[in-house]
Amino acid sequence: MPDSSSTQVVVIGGGPGGYAAAFLAADLGMKVALVDEEVNPGGVCLYRGCIPSKALLHAARVLTEAREAARFGIEFPPPKIDANRLRAWKEEVIGKLTGGLGQISKQRHVEYIRGRAALVDARTVSITGPGGAGERQLGFEHAILATGSFPAMLPGLPKSPRIMDSTGALDLTDVPKTLLVVGGGYIGLELGTVYAALGTQVSVVEMLDGLLPGADRDLVSPLAKRIDQIFHDVMLSTKVAEMKEVRNGLEVKFEGGAGDGRVQVYEKVLVSVGRKPSSAIPGLEKTRVQKDARGFIQVDPQRRTAEPSIFAIGDVAGEPMLAHKASHEGRLASEAIHGQKVAFEPRAIPAVVFTDPEVAWCGLTETQAAQEKRPVKVARFPWGASGRAATLDRTDGVTKLLIDPETERVLGVGITGVGAGDLIAEGVLAVEMSALAADVALSIHPHPTLSETLMQAAEVFYGTATDIYRPKKS
Ligand code: FAD
Ligand code: NAD
């Protein structure tokens, strides 16, 4: 057993940021402790976020594909959904992955300490075991704060078991007849897709004038069209004015936009209006660590806080609140602690919304380019011209490249369509490696695959696409 009274690096929070940081710090030869309340590392992402939601989205996709196979002559009887088995399978997936992380911690000799951490000062942490059991103090040379985030709630809602956040929705305690999703962002659309596939009548209320604000509108458009078919109702530019518990559900009154003045009863409500950083770490005030107005811990390019011995990474250290950004920052913080000259300066943090179709983008977006008045050429390849998309019966997609008109470098990539989340990886590489549109066009892509659409979009830029006639504009 390592000496429990002091360590070189203590990582507080066992999510994808925290465990990535801890594992690399151990690989670099440092003595490391990782603190989290759960039995094994995993954090929000594995226990209550990315993984359970993607497991349920996979089930949703199977249901949708089985239903839509009727279009090409294959009909299945209506599915029987056993919510208990589905829930158990999702838990099994979580268990396998988190159990694996527990094993890897041991193999790397990372001391995994179950408990809640509080800072005593800039060199000491106090850890209280699960359920308040036992307290232990641990001295450290460096700490990495990786405490993540929690769901934001709307003010003024009644206390009701019918109101869920993402964790409640992922618990899948039942499949309600009707569900109102408040917030048409990542969580609302992903989990709305799950419940719609399971047979729930899903309605979405979004206060802004489009779904997935932050994504380019042409990427959202194919998704919005499909959502119009699979969801019961989408109310844009609308807010919840009032919500009260009634005998058979929650009565909701809307204001503004498409839903103005409407009053509707829903069996359940999912509130998905964003997340807040978990930066209320006890004892933080005893250090020089600073937070911004929204509660994010302020860090420099190495992820060091204003307290030189303390780093912060992942959701608690700023947007975008994404697992892969957290892991990258975590590894970087460990390298910085090890004395390496590193800085967080990605050109392309991919964003993927795992809806049906998926929406993915990286690097510069058209919205950003317009805001910054930055000249870009946009080359689009519609999936209607993709052989692979036709064979999948899913031509509802588009791949676009944002290209610097002077240098012809790829600055950003956007993809909507089935599998866009996997396809965007090539875009990330292109942007990070400063690839030219010609590099993408001249790389032989396998046929017939959706990956070809990246090459085909690059060909569109040169006015020479084989599969679509788009002559270059002079
Ligand atoms: P977290 O994963 O939030 O982990 C923080 C950990 O710290 C938690 O275990 C917490 O209990 C612990 N902790 C907090 N305070 C203390 C303390 N004082 N002492 C000890 N431990 C403490 N991102 C993606 O990239 N892809 C997705 O598909 C995706 N899907 C998502 C789906 C849902 C429903 C949700 C809610 C989020 C999703 N996210 C997704 C976001 C992703 O989960 C987060 O960006 C990611 O988990 C952040 O990692 P983190 O390491 O910063 O912290
Ligand atoms: P979000 O920021 O993605 O979306 C919240 C939505 O709620 C926005 O569209 C916002 O305009 C809307 N909204 C806010 N207040 C409202 C109100 N009063 N009435 C109606 N609409 C309102 O937040 P989220 O969906 O809660 O997800 C939180 C974060 O978790 C995401 O931003 C993302 O960082 C992460 N996440 C990522 C993934 C993924 O990578 N696939 C999946 C889930 C969550």
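Residues numbered from 1 in each chain as written. Chains lettered and ligands numbered in written order. Predicted model: local features only at pLDDT ≥ 70, side-chain atom pairs only at ≥ 80, totals over all residues. Heavy atoms only, no water.

### Comments concerning the site of ligand 1
Moving on, step 1. With respect to spatial proximity, 36 residues lie near ligand 1, and among them Gly 17, Asp 36, Lys 54, Asp 315 and Ala 323 are the closest.
Moving on, step 2. Within the backbone of Val 44, an N or O atom sits 3.0 Å from an oxygen atom of ligand 1.
Moving on, step 3. Within the backbone of Cys 45, an N or O atom sits 3.4 Å from an oxygen atom of ligand 1.
Moving on, step 4. For the shell around ligand 1, the secondary structure elements donating two or more residues are helix H1 (16-27), strand S2 (32-36), helix H2 (43-48), helix H3 (50-68), strand S4 (116-121), helix H5 (166-171) and helix H8 (323-337).
Moving on, step 5. Considered class by class, the residues forming the shell around ligand 1 number 15 nonpolar, 15 polar and 6 charged.
Moving on, step 6. Summarising the domain contributions, the shell around ligand 1 has at least three residues from each of domain 1 (3-150 + 277-337) and domain 2 (163-273). (Near = heavy atom within 4 Å. Polar contact = N/O pair within 3.5 Å; in protein donor to acceptor, adjacent residues only side chain to side chain. Helix = DSSP H or I, 4+ residues; strand = E, 2+ residues; numbered from the N terminus. Nonpolar A, V, L, I, M, F, W, Y, C, P; charged D, E, K, R; others polar. Domains from an automatic or database assignment.)

### Focus on the sheet that holds strand S10 (residues 201-205)
Sheets are built from strands paired through backbone hydrogen bonds, the pairs being either parallel or antiparallel.
Moving on, step 1. Strand order across the open sheet formed by 5 strands is S8-S15-S9-S10-S11, with parallel pairing between neighbours. Since the sheet does not close on itself, it has two edges, and those belong to strand S8 (163-164) and strand S11 (233-235), each with one partner.
Moving on, step 2. With 5 bridges joining them, strand S9 (residues 178-182) and S10 adopt parallel strand pairing. Among the inter-strand pairings, Thr 178 is bridged to a residue of S10, identified as Gln 201. (Pairing = 2+ DSSP bridges.)

### Examining the domain arrangement of the protein
Moving on, step 1. Structurally, the protein comprises domain 1 (3-150 + 277-337), domain 2 (163-273) and domain 3 (351-462).
Moving on, step 2. For domain 1 and domain 2, the distance between their C-alpha centres works out to 28 Å.
Moving on, step 3. Taken together, the contacts link 17 residues of domain 1 with 13 residues of domain 2.
Moving on, step 4. Regarding the contact of domain 1 and domain 2, the summed buried area is about 1,400 Å², with carbon and sulfur atoms giving 67% of it.
Moving on, step 5. Counting the surface domain 1 buries against domain 2, the share from its top three residues, Arg 48, Leu 56 and Leu 57, is 31%.
Moving on, step 6. Between Glu 190 and Lys 54 there is a salt bridge, with the nearest N and O atoms lying 2.7 Å from each other.
Moving on, step 7. For the pair domain 1 and domain 2, the number of links is 5 residue pairs in polar contact (both at pLDDT 80 or more).
Moving on, step 8. Of the residues in the side of domain 1 that touches domain 2, the class split is 9 nonpolar, 3 polar and 5 charged. (Contact = heavy atoms within 4.5 Å. Buried area = accessible area lost by both parts, 1.4 Å probe. Salt bridge = Lys/Arg side-chain N within 4 Å of Asp/Glu carboxyl O.)

### What about a nonpolar patch on the surface?
Moving on, step 1. Together, Phe 72, Ile 74 and Phe 76 make up a nonpolar patch on the protein surface, roughly 340 Å² of accessible area in all.
Moving on, step 2. Among the secondary structure elements, Phe 76 is positioned in the loop between H3 and helix H4 (83-107). (Patch = residues over 30% accessible without salt bridge, like charges linked within 9 Å, V, L, I, M, F, W, Y side chains within 5 Å. Areas by Shrake-Rupley, 256 points an atom, 1.4 Å probe, with all protein chains shown as cover.)

### Examining the site of ligand 2
Moving on, step 1. Close contacts around ligand 2 come from 22 residues, with Ile 187, Glu 190, Glu 206, Met 321 and Val 352 the closest.
Moving on, step 2. Residue Glu 190 places a side-chain N or O atom 2.8 Å away from a nitrogen atom belonging to ligand 2.
Moving on, step 3. Between ligand 2 and Met 321 there is a distance of 2.7 Å, counted from an oxygen atom to a backbone nitrogen or oxygen.
Moving on, step 4. Protein coverage of the free-state accessible area of ligand 2, which is 840 Å², stands at 81%.
Moving on, step 5. No other element matches helix H6 (residues 186-198), which puts 3 residues into the shell around ligand 2.
Moving on, step 6. Of the residues assigned to the shell around ligand 2, the class counts are 13 nonpolar, 5 polar and 4 charged.

### A closer look at the pattern of salt bridges
Moving on, step 1. In total, this model carries 26 salt bridges according to the counting rule given.
Moving on, step 2. Lys 244 serves as the salt-bridge partner of Glu 251, at 3.7 Å between the closest nitrogen and oxygen.
Moving on, step 3. We classify Glu 251 as partly exposed; its relative accessible area is 25%.
Moving on, step 4. Here Arg 303 makes a salt bridge to Glu 329, at a shortest N to O gap of 2.7 Å. Placement of Arg 303 in the loop between strand S16 (275-277) and strand S17 (310-312) and of Glu 329 in helix H8 is noted, with a sequence separation of 26 residues between them.
Moving on, step 5. A relative accessible area of 11% places Arg 303 in the buried class. (Buried < 20%, exposed > 50% of the residue type's maximum accessible area, 1.4 Å probe, protein only.)

### Thoughts on the sheet that holds strand S13 (residues 249-255)
Moving on, step 1. A sheet is described by the order of its strands in space; here 3 strands give the open sequence S12-S13-S14, paired in antiparallel fashion. In the strand order of this sheet, the two ends are held by strand S12 (239-246) and strand S14 (263-266), each with one partner. Between one strand axis and the next, the sheet turns through 25 degrees on average, direction left out of account.
Moving on, step 2. Sheet topology places S13 next to S14; 4 bridges connect them, and they run antiparallel. Bridging across to S14, Glu 251 finds its partner in Val 265. (Axes fitted to C-alpha atoms, helices over the stretch in contact; angles between N-to-C directions.)

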